Amino acid sequence: MNAAGSPAIDLRDGDALIIVDVQNDFLPGGALAVKNGDEVVPALNTYIDLFLTKGLPIIATRDWHPADHSSFQARGGPWPPHCIADSRGAQFAAGLRLPQDATVISKAVTPDKDAYSGFQGTELEAVLRSYGVRRAFIGGLATDYCVLNTVTDALENRYQVYVLRDAIRPVNVHPDDGSKAEQEMVTKGSTMITIEDLA
Ligand SMILES: [Zn+2]
C-alpha cells in the first residue's frame, strides 16, 4: 500500500512474473549458496499467488549446466560445479510453489557458453512476446549476477521492469556487490518495488 492506502501498481494483462534461478544449489547448503537465499522463497510464493489470481504468466529460469561446464573451476571458470542438469542441486527450491503451467527456461545448457541472463541463448524473449508481455516483474537469485543481467536484458528489449526488492538476495563476492547491482538496475531504468506496492 502507498500512503493513500491503495496499491501503487495495478497488475493487468501484459504483466508477467519472472523468477530467476531459485534452485537448490543457490540456497543455503547448496554448492553455490547465496546467503539467506532461501528467504526469497516465501516472498516469491506471495507474488506467485497474486499473479495466479490475476491469470498472468509465470516464468522460471534455471541454470542447467552440463557436468563439464566452462563456468566451473575445473575448467578455469569462477564457480564450483553447480546446477548440473537433472541433479538435485538444479531442482527448483522444494518450497517454491511454481504452478504446473509455469514456463521453465533453461540456460547455459552447453559446455562452452555461460548465461547470467535468462534471455541469453534462450526462448525467453519469444515466450514473453507470445504472451504479449509489456511489464516484467523480476525476482530471484542472485541480485548481483543473474537477476542483474536478466533485468538489464529485459530493459534492452524495451520491457518496463519492476525488480522485486523483497525477493532478491546477492552473492556479494565483494560486500557491496548487491547494493551496487540494485543501484545499477535503477540507473538503467527499472523500478524497485515490494509486495506492498502490488497488494
Ligand atoms: Zn551457473
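Read on for a plain summary of the structure. (Residues numbered from 1 in each chain as written. Predicted model: local features only at pLDDT ≥ 70, side-chain atom pairs only at ≥ 80, totals over all residues. Heavy atoms only, no water.)

### Topic: the coordination of the zinc ion
For a metal with four tetrahedral donors the ideal donor-metal-donor angle is 109.5 degrees, whereas six octahedral donors ideally subtend 90 or 180 degrees.
So, point 1. Distances from the zinc ion to its protein donors, D63 (OD), H65 (NE2) and H82 (NE2), fall within 2.0 to 2.1 Å.
So, point 2. Going along the chain, you hit the donors of the zinc ion in the pattern D-x1-H-x16-H.
So, point 3. Residue H65 is classed as buried on the basis of its relative accessible area of 0%. (Donors = N, O, S within 2.8 Å, 3.2 Å for Na, K, Ca; no water. Buried < 20%, exposed > 50% of the residue type's maximum accessible area, 1.4 Å probe, protein only.)

### Observations concerning the environment of E196
So, point 1. With respect to the element layout, E196 can be found in the segment after β6 (191-193).
So, point 2. Its relative accessible area of 44% is what places E196 among the partly exposed residues.
So, point 3. Side-chain polar atoms of E196 contact the side chain of T194, separated by 2.9 Å. (Helix = DSSP H or I, 4+ residues; strand = E, 2+ residues; numbered from the N terminus. Polar contact = N/O pair within 3.5 Å; in protein donor to acceptor, adjacent residues only side chain to side chain.)

### Describing the sheet that holds strand β3 (residues 103-107)
So, point 1. Ordered by their spatial adjacency, 6 strands build an open sheet running β3-β2-β1-β4-β5-β6, and the pairing between neighbours is parallel. At either margin of the open sheet sits one strand with a lone partner, and together these are β3 and β6. Averaged over neighbouring strand pairs, the angle between their axes works out to 25° when direction is ignored.
So, point 2. Taken together, the 5 bridges between strand β2 (residues 58-63) and β3 define a ladder with parallel strand orientation. Among the inter-strand pairings, I59 is bridged to a residue of β3, identified as T103.
So, point 3. The strands touched by helix α1 (residues 40-53) are β1 (15-20), β2, β4 (135-141), β5 (160-169) and β6; relative to β5, the strand with the most contacts, the crossing angle is about 140°. (Pairing = 2+ DSSP bridges. Axes fitted to C-alpha atoms, helices over the stretch in contact; angles between N-to-C directions. Contact = heavy atoms within 4.5 Å.)

### With respect to the environment of G118
So, point 1. Structurally, the position occupied by G118 is in the loop between β3 and α2 (124-130).
So, point 2. Measuring from C-alpha to C-alpha, the distance between G118 and N149 comes to 7.8 Å, with 31 residues separating the pair along the chain.
So, point 3. With sequence-adjacent residues up to four places away left out, G118 is seen in contact with T61, I105, K107, L124 and T150.

### Brief notes about the nonpolar core
So, point 1. Core analysis: the largest hydrophobic core is formed by 63 residues, its most contacted members being L17, I19, L96, L128, F137 and L198.
So, point 2. Among the elements that make up this core, the one with the highest residue count is α1 (8 residues).
So, point 3. Dropping the residues within four chain positions of it, L128 is found in contact with A16, I18, I59, F119, V133 and Y159. (Core = buried A, V, L, I, M, F, W, Y, C linked by side-chain atoms within 4.5 Å.)

### What about α1?
So, point 1. An ideal rise of 1.5 Å per residue puts 20 Å on 14 residues; α1 measures up with 20 Å between its terminal C-alpha atoms.
So, point 2. Burial in α1 covers these residues: V40, V41, A43, L44, N45, Y47, I48, L50 and F51.
So, point 3. Residues of α1 that are buried make contact with β1, β2, β4, β5 and β6.
So, point 4. Phi for G55, located one or two positions after α1, is positive at around 70°. (Expected span 1.5 Å × (residues − 1).)

### Some points on the pairing of β1
So, point 1. Summarising burial for β1: 6 of the 6 residues are buried, a large majority.
So, point 2. The side-chain alternation of β1 yields two buried faces, one formed by D15, L17 and I19 and the other by A16, I18 and V20.
So, point 3. Relative to β4, β1 runs parallel, the two sharing 6 bridges. The partner of D15 across the bridge, within β4, is R135.
So, point 4. Sheet topology note: the β1/β2 ladder contains 4 bridges and is parallel.

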